[in-house]
Amino acid sequence: MNQKLPNATAVLVLGIVSIVTCCCYGVIGLIAAIIGLVLANKDLVLYKQNPGEYTNYGNLNVGRILCIIGIVLNVISVIYYIYIISSVGVDALSNPELLQERIRDMQGN
């Protein structure tokens with residue numbers, strides 16, 4: 001009797017969430033992607049032990065790929081935010097006039 005992998009749907013949902021939330025400072029999506037990847041690895045071990053017993057390996061594989069893409073996008077997002085904060089400074093983030101002045105200085109105007 002075939003059964004479904006226990007975390008395949010959760011991995012798929014976490015992979016989608018990690019990609020959708022990659023613009024949320026990179027933290028929320030990164031956490032979701034890492035959790036999804038850990039769950040995917042657990043189910044992958046189960047599937048490799050007895051591949052004929054499980055039916056939804058496709059969902060697990062797609063979710064795993066989405067989690068990997070989510071990790072890459074979120075790491076790029078975190079690097080971008082660190083670059084922006086280091087370029088304009090933390091004090092300029094709370095002062096719009098200072099932020100505009102520093103952006104103009106960066107552009108050479």
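This section reports on the structure supplied with the text. (Residues numbered from 1 in each chain as written. Predicted model: local features only at pLDDT ≥ 70, side-chain atom pairs only at ≥ 80, totals over all residues. Heavy atoms only, no water.)

Overview of the environment of Glu 101
If you trace the backbone, Glu 101 turns up in helix α5 (residues 96-107). With a relative accessible area of 41%, Glu 101 lands in the partly exposed category. In this structure the C-alpha to C-alpha distance between Glu 101 and Val 88, which are 13 residues apart in sequence, comes to 9.4 Å. (Helix = DSSP H or I, 4+ residues; strand = E, 2+ residues; numbered from the N terminus. Buried < 20%, exposed > 50% of the residue type's maximum accessible area, 1.4 Å probe, protein only.)

Brief notes about α5
A rise of 1.5 Å per residue sets the reference length of α5, with its 12 residues, at 16 Å; its end C-alpha atoms lie 17 Å apart and thus fit the reference within 8%. Two residues or fewer past α5, Gly 108 is found with a positive phi of approximately 85°. (Expected span 1.5 Å × (residues − 1).)

Description of the packing of helix α1 (residues 8-20) against helix α2 (residues 27-49)
The N-to-C vectors of α1 and α2 enclose an angle of 155°; their axes lie 8 Å apart at closest approach. Taken together, the axis directions place α1 and α2 in an arrangement best described as roughly antiparallel. Where α1 crosses over α2, the handedness of that crossing is left-handed. Side by side, α1 and α2 meet where Ala 8, Ala 10, Val 11, Leu 14, Val 17 and Ser 18 of the first sit next to Gly 29, Ala 32, Ala 33, Ile 35, Gly 36, Leu 39, Ala 40 and Asp 43 of the second. (Axes fitted to C-alpha atoms, helices over the stretch in contact; angles between N-to-C directions. Parallel < 35°, antiparallel > 145°, perpendicular 65-115°, else oblique. Left-handed = near helix turned anticlockwise from the far one by under 90°. Contact = heavy atoms within 4.5 Å.)

Quick word on the side chain of Thr 21
You can see Thr 21 is positioned in the loop between α1 and α2. By relative accessible area, which is 16% here, Thr 21 ends up buried. If sequence neighbours within four positions are ignored, Thr 21 has contacts with Ile 28, Gly 29 and Asn 74.

Digging into helix α3 (residues 57-88)
Between its first and last C-alpha, α3 extends 47 Å over 32 residues, near the 46 Å set by a 1.5 Å rise per residue. All of the buried residues along α3 are Leu 60, Gly 63, Leu 66, Cys 67, Gly 70, Asn 74, Ser 77 and Val 88. Where α3 terminates, the next one or two residues include Gly 89, which has phi positive at roughly 90°.

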